[in-house]
Structures are given as structure tokens and as C-alpha cells.
Amino acid sequence: MVGPWIGAIPSVIVRLLHSPMQAIIVLVIVVIIQQMESLFVQPQIIGKRMSIHPVTVMVLVLVAGRFIGVIGMVLVIPIFAIVKVIVTHTNRLWRIRQEEKILKKTPAVLDYHLIPQEFIYYNCFTACKFLFFISNCLNIT
């Protein structure tokens, strides 16, 4: 957040030596570009990186800025990401425990949708290798 302003200082100084009006124009352009980047580009990048919708990022930052101030605007996205991870993992664990309760209540019925595909493929491959081994031992071609 400070980097663009530090980068703008030399260009404003150079333009100030040439003409004060051009320095003001450069400063206005830097402010406009910085605001566009903060309002449009940054929420897109943060949203994609953390799997948060960009509108959610903007609303969180605006609400935190309104009620808490600048510190809230800086801390709201990391706090939201932490809460999102905790809620997501808690929900996943709850669903797994619910499925375990259902499986304990039902008789021994094989639900293929609960078995990972890799497990099924591995067992089929192992069974084929075993049959190939038996056929070689018995000389069956």
C-alpha cells in the first residue's frame, strides 16, 4: 500500500521542477490508478487466491472500514479466511460423523458411492494380478 506512493514521489518531484501544474496532474493520475487498483484489481486477486467472491471482499472491507477503521480494513480479510477455514472443516467433520452414524445404523450394505474410486481401481488391479499369477502357476493360457 505504501509502495505506489513511494514510487510516485520521484515522478511528482521531476514534474514539479518542470511545471507545478504537471506535478498536480501526475499526482491526480497516481491517485486514480491507486484507487482503481484498490477497488477493482485487489479484490479479484484476493478473492481468487482465497476462494472468496470479490464482492464479498469489497463488502467486508467497506463494512470493516466503516465500523472499525483502517485497522479493521487491514485485518478483516485474514480473519474472514481463518473463520471460513474453521467453518468449512467443522462442516466436513460433521458430515463425516453423520455418515458414520448412518452406516452404523444400516445393515452391512455396500454403498459404492462412499468408497473412493482409487480404492476400487486398486482392488480390481490387484485381483487381476492375482488371477494372472494363478493362471501362470497352473500353466493356463
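Cut-offs used in this document
Residues numbered from 1 in each chain as written. Predicted model: local features only at pLDDT ≥ 70, side-chain atom pairs only at ≥ 80, totals over all residues. Heavy atoms only, no water. Helix = DSSP H or I, 4+ residues; strand = E, 2+ residues; numbered from the N terminus. Buried < 20%, exposed > 50% of the residue type's maximum accessible area, 1.4 Å probe, protein only. Contact = heavy atoms within 4.5 Å. Areas by Shrake-Rupley, 256 points an atom, 1.4 Å probe, with all protein chains shown as cover. Expected span 1.5 Å × (residues − 1). Arc of directions from axis to C-beta.

A. Highlighting the overall build of the chain. When helices and strands are tallied, the chain shows 5 helices and 0 strands. Listed N to C, the secondary structure of the chain is α-α-α-α-α in terms of helices and strands. A buried classification covers 14% of the 141 residues belonging to the chain. Pairs at least 24 apart in sequence give 27% of the contacts found in the chain among residues at least 6 apart. Accessible surface for the chain amounts to roughly 12,000 Å². Of this, 74% is attributable to carbon and sulfur atoms.

B. Local environment of helix α3 (residues 54–67). Here α3 spans 20 Å end to end across 14 residues, near enough to the 20 Å set by a 1.5 Å rise per residue. Buried residues of α3: Pro-54, Val-57, Leu-60 and Ala-64, and no others. Viewed along the axis of α3, the buried residues span an arc of 125°, placing them on a single side of the element. Residues of α3 that are exposed and point more than 90 degrees away from the buried face comprise Leu-62, Arg-66 and Phe-67. Where α3 terminates, the next one or two residues include Gly-69, which has phi positive at roughly 105°.

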